[in-house]
Amino acid sequence: IFSVILAHFFLKEKIEKETIIGVFITIIGVIFILDPTTVSFNSSQTIGNIAGLLSGFFYSAMAITAKPITKKKSGYYVAFWQYLIISVMFLFFLKIDSPATIFSNWWQLLAIGILSTGIAFILFMEGVRKIKAQKVFVVTALEPLTGTLLALVILREIPTTFTILGAILILYGAYRITSKPNKK
């Protein structure tokens, strides 16, 4: 939702009817996967829920602000500068109690850094470059679906009926957003 709104106001993209329908369908699918009965706004969870919403907002803001840059520069360029700035910012919070732990697990840290973070973000930025900013939401909506599939394959967790229905809705919503309507 944030991507659609921010793209409309800051990039002057016209919100397409198919995007609105697809976003609505996809959100229903995500709700099915995440089980809304577990969401609570009692005092112990309010800060976490607000942080989650702000996370979504800033993720969309990052994609929207990167969109004009990706028209001129590659995803590699954007990823490099974002990670460099983030690394410098987080040096102030770095606390290493046992350097031996880092050295003994260097290959795992390297794999996570390159595969799960670096390559994934570069591919994301290349995708941002090729699609309208309001459609960036599709990629982020596929994350709960990916988590569900990985839980099935790696952890052998069997998805519930609601989870399967949510996955179908997410895929259909993504299809609605990304497919081009047939013009006669």
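Our structure's up above, just so we're on the same page.
The notes below deal with the structure included here. As the structure is a computational prediction, the values presented were derived from the model and not from experiment.

### Let's talk about the nonpolar core
So, step 1. Core analysis: the largest hydrophobic core is formed by 11 residues, namely Met62, Ala63, Ala66, Val78, Ala79, Phe121, Ile122, Phe124, Met125, Val128 and Val136.
So, step 2. If you list the elements that add at least two residues to this core, you get helix H3 (46–72), helix H4 (75–90) and helix H6 (106–130).
So, step 3. In terms of residues, this core owes the most to one element, H6, which gives five residues.
So, step 4. In this structure, Val4, Val23, Phe137 and Ala174 belong to the second largest nonpolar core, which totals seven residues.

### So, the packing of H4 against H6
So, step 1. Between H4 and H6, the least distance of the axes is 8 Å, while the angle of their chain directions is 130°. Relative to H6, the element H4 lies oblique. Seen along the crossing, H4 lies across H6 with a hand that is right-handed. Contact with H4, carried on its side by Gly75, Tyr76, Val78, Ala79, Gln82 and Tyr83, involves Thr117, Gly118, Phe121, Ile122, Met125 and Glu126 of H6 and no other residues of that element.
So, step 2. Across the contact of H4 with H6, the residue classes break down as seven nonpolar, four polar and one charged.

### Considering the packing of helix H2 (residues 17–34) against helix H8 (residues 161–178)
So, step 1. H8 packs onto H2 with a crossing angle of 165° between their chain directions and a minimal axis gap of 7 Å. With respect to their mutual orientation, H2 and H8 come out roughly antiparallel. Crossing hand, H2 versus H8: left-handed. Contacts between H2 and H8 involve Glu18, Thr19, Ile21, Gly22, Val23, Ile25, Thr26, Ile28, Gly29, Val30, Phe32 and Ile33 from the former and Phe162, Thr163, Leu165, Gly166, Ala167, Leu169, Ile170, Tyr172, Gly173, Ala174, Arg176 and Ile177 from the latter.
So, step 2. Of the residues contributing to the contact of H2 with H8, the split by class is 15 nonpolar, seven polar and two charged.

Definitions and limits used
- Residues numbered from 1 in each chain as written.
- Predicted model: local features only at pLDDT ≥ 70, side-chain atom pairs only at ≥ 80, totals over all residues.
- Heavy atoms only, no water.
- Core = buried A, V, L, I, M, F, W, Y, C linked by side-chain atoms within 4.5 Å.
- Buried < 20%, exposed > 50% of the residue type's maximum accessible area, 1.4 Å probe, protein only.
- Helix = DSSP H or I, 4+ residues; strand = E, 2+ residues; numbered from the N terminus.
- Axes fitted to C-alpha atoms, helices over the stretch in contact; angles between N-to-C directions.
- Parallel < 35°, antiparallel > 145°, perpendicular 65-115°, else oblique.
- Left-handed = near helix turned anticlockwise from the far one by under 90°.
- Contact = heavy atoms within 4.5 Å.
- Nonpolar A, V, L, I, M, F, W, Y, C, P; charged D, E, K, R; others polar.

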